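Summary of the model geometry
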Amino acid sequence: MKKNTLIAIFGAVLVACASCSDEVPPIPASELYTREFVKAFGVMSPSQDWNAASRGTVSVTTDAPARVQVSAKIRGKNYLLANYSDVSGTRDIRFDIPKGVKEVTVHCGNESVKTTLGGKVSFANAGRAFFPGDSETDFGQISITSTEESQWRTLPAVDVFTFNRSMPEGGINVFNPEITRDFVFRSHGDIIIYPVFWNTSNTNKLGIAYKDKNGEMQHIPLYSNYKGEYVEGVNLCSYAKYNSEDVLTYEFVKDPYGPNKTIIFDDPEVKAYVGDALVNNKSFDELSDTDDFVALINYIGRKGMMAIFDAKGIEYESIVEIAGVVPELPNFLTSGAGCSGWFQYGTPVKYIRKGATYSEGTLKGNQDSNALLINNQSEYCVFTKGLRVSVPDGMRYGMYIERSDGTKFYSIADYNPDKRVVRNPETGEPIKGDDGQIQFLKDGAFHAATWIGPIYGWRWLSFEDCMTSEENATNVDINDMVFLIENAVEDTPDIEVEDPDDPVGDPIRWLIACEDLGSKDDFDFNDVVYEVEYVAGEKTAKITPLAAGGTLEAYLMRNDEIISREWHSYFGASSNQMVNTNSNGGPGETFTIDVPEDFSISSPAGADGYRDNMGGFHLRVIDNDGKDERTITPPGVGEAPQMILIFQPEGKPWRWPLERHSIGIAFDGFQKWMEDGIFDANTEGGNWSENHNESHVIKR
């Protein structure tokens, strides 16, 4: 049966080759452009969409029809993103926002609320409290009970190690993109909180926090890592050693006969391959129908791990990683790619038999430091009973820990007593001022994190119990106390802005630069340059022509319809004249177009080509006395660009390259952006288009 799988795959390849044709089609113009672009700049990131805009959403609730505006503060400047009238009930407000910006302010009437993208904000008269409780005296009817035995968990140490991979000890985990650092939960039924892991000498209590109807913060303690119990004295978490007969060991060596890849299963979530490994000196083809076997598994978020399967191809519950596993392996669908590098020669690998039990009498009490897991004691497991916490449906609540000295750290950063450290965005290291002291922001420090694990879909909850100060400003691993939490649904907090009179700002003037109306050898991106000013919720967009570097007739189009005059005419020039490419004579004549309320200049996932990218704008170019026409469209993801969309910070308009000055020479950061696709408008240096070489760009 195993050999037949290989034969079937091989046969499919032969059939595909049999359909080949000797006819060579002409090379499309887009392919010729791509070849020249790659020759000039190299290979681009496969995720590069050449667009500085992303699509943001917030959910807004109002009691009565009202005007709702959304703004964002980007490096100290406010920008208006959305302006919707007559918002009533609950409605999703969508808008374009520069990549890297995660927080917005929602304005309604005299109220302004700060939230994160994807957040929910209510301007209804009821429930404006931070954590709205249901009663002034009974903690919102929250109750705590013990769990049933059927809900207790035994977690093999290797499964707990998945947490360590995401939040390593001593890491600057506050910058981990997988976590949420500022959060509350909204109740959708009972939750169960399982203590799992800790590494701290502090005695901490975990609890739920919310504000009652009087605006007073209420705290309900749940669990202490020192005693491992809650008010009824139930021991919640301990450790056990597996019975030795359930801890199995295999020896793996490289197969000298070469790669022998067979797909065990293949679906959108997981791929598993058998490769060039010998299992106890047996190759894959030599295994009997009752033998266990080893395979490489490629789960989302779990790439490059080994798994043990039973004879039916079912993965055992837990495995132990091999020392020296390569974290990022080659694409195993690539022809000729072997499986070498999975492991070292003769590496012993232990795994836990399905349904394994731990030895009686080995349960250990809680410790100040959970060293057995830190030291990768894989033959142990975590035995955790958990707490059942009943929270009224729809109620929002936060989590906190309290140290023995009474200091509380919340899952909402603004309620924490210490301030956030200014950090280098690349290294995470604190940035010191001219006085040599660490600098602090006005915002509260992050002390909590939550995220969904990539393997089992568990929700993790973790805390940092060190105060951010001169002595430990680098201690941001947020893994001092770690829990699993079932049925907790993440929500977004409402936080009143510090200055409600802060103006919403002006609209962003996005800029689109177009290249190659004729030649393919300069890449100066000045053939057609224009600004697009638009606010979501409004039904018009303003277009301001800035340059016309081409000498051919050009027309701006949207959705396959011409929406402009001949481009050069906006500058009072003829189509064979270059405008604003060697000196800047000022912008051309501004014009306005009608757009739908949900108009967007971002590049959304699953975009339908140019119709859904960069506002659907594209160009028609007419050559050879009107006999030839070409269309210049926004690029697809990972394609060579003939249009680039740029974010212009207020006071820093983009200065496009001079005629026949390559964009790669004019902007040192262009190459890096092309290669990694990373754009962060909210970070100094995160916007490549701000930093130019003076002698190669136009003056503005």
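Residues numbered from 1 in each chain as written. Predicted model: local features only at pLDDT ≥ 70, side-chain atom pairs only at ≥ 80, totals over all residues. Heavy atoms only, no water.

Observations regarding the overall build of the protein
Of the regular secondary structure elements, the protein holds 6 helices and 41 strands. Buried residues in the protein amount to 51% of all 700 residues. Taking the intrachain contacts of the protein between residues at least 6 apart in sequence as the baseline, contacts between residues at least 24 apart amount to 70%. Of the accessible surface of the protein, which amounts to about 31900 Å², a share of 48% is contributed by carbon and sulfur atoms. (Helix = DSSP H or I, 4+ residues; strand = E, 2+ residues; numbered from the N terminus. Buried < 20%, exposed > 50% of the residue type's maximum accessible area, 1.4 Å probe, protein only. Contact = heavy atoms within 4.5 Å. Areas by Shrake-Rupley, 256 points an atom, 1.4 Å probe, with all protein chains shown as cover.)

Thoughts on the packing of aromatic side chains
Across all of its chains, the model carries 29 aromatic pairs by this definition. Ring geometry for Y33 and F523: centres 5.7 Å apart, planes at 65 degrees, overall edge-to-face. Of this pair, Y33 sits in helix α2 (residues 29-41) while F523 sits in the loop between β33 (509-514) and β34 (528-533), and the two are 490 residues apart along the sequence. Taking relative accessible area as the criterion, Y33 reaches 1% and is therefore assigned buried. Residues F41 and F523 carry aromatic rings whose centres are separated by 5.6 Å and whose planes lie at 75 degrees to one another, so their mutual orientation is edge-to-face. Of this pair, F41 sits in helix α2 while F523 sits in the loop between β33 and β34; the two residues are 482 residues apart in sequence, bridging distant segments of the chain. Per residue, the accessibility class of F41 equals that of F523, and both read buried. Three or more aromatic residues joined by ring pairs make a cluster, and in this case those are Y33, F37, F41, W50, F523, W654, F667, F670, W673 and W688. Above the plane of the ring of Y570 lies R565, whose end atom (NZ or CZ) is 4.3 Å from the centre. (Phe/Tyr/Trp six-rings, centres within 6.5 Å; stacked < 30°, edge-to-face > 60°. Lys NZ or Arg CZ within 6 Å of the ring centre and 35° of its normal.)

Focus: unusual backbone geometry
Despite not being glycine, W50 shows a phi value in the positive range, around 60 degrees. Of note, W50 is situated in the loop between α2 and β1 (53-74).

Regarding the sheet that holds β34
Taken in spatial order, the 5 strands line up as β38-β35-β34-β33-β41 in an open sheet, and their pairing is antiparallel. Each having just a single partner strand, β38 (591-594) and β41 (643-646) make up the two edges of the open sheet. Averaged over all pairs of adjacent strands, the angle between strand axes in this sheet comes to 25 degrees, irrespective of strand direction. (Pairing = 2+ DSSP bridges. Axes fitted to C-alpha atoms, helices over the stretch in contact; angles between N-to-C directions.)

Examining the confidence of the model for the protein
Chain-level pLDDT for the protein is 75 on average; 67% of the residues reach the 70-or-more range. Confidence over residues 125-139 falls short of pLDDT 50; this stretch has 49 contacts with residues more than four positions distant or in other chains. (pLDDT = per-residue confidence, 0-100.)

Details of the pairing of strand β22 (residues 387-390)
Taken together, the 4 bridges between strand β6 (residues 143-146) and β22 define a ladder with antiparallel strand orientation. Residue pairing across strands places S146 opposite L387, the latter belonging to β22. Pairing geometry for strand β9 (residues 191-198) and β22, over 3 bridges, is antiparallel. Looking across to β22, one finds that I191 is bridged to V389.

Comments concerning the environment of P657
By secondary structure assignment, the location of P657 is in the loop between β41 and α5 (663-666). By relative accessible area, which is 0% here, P657 ends up buried. Considering only alpha carbons, one finds P657 and N693, 36 residues apart in sequence, at a separation of 9.3 Å. Beyond its immediate stretch of four places on either side in the chain, P657 contacts D524, N526, T581, I663, A666, F667, H696 and V697.

Some remarks on the sheet that holds β9
In spatial order, the strands read β6-β22-β9-β29-β28-β27; together these 6 strands make up an open sheet with antiparallel pairing. At either end of the open sheet lies a strand with only one pairing partner, and these are β6 and β27 (448-452). Along the sheet, successive strands turn relative to each other by an average axial angle of 30 degrees, direction set aside.

What about helix α6 (residues 669-676)?
Every buried residue belonging to α6 is among F670, W673 and M674, and all of these are buried. Projection of α6 onto a plane perpendicular to its axis shows the buried side chains occupying an angular sector of 100 degrees, all on one side. Just downstream of α6, G677 is the residue with a positive phi angle, here 70 degrees. (Arc of directions from axis to C-beta.)

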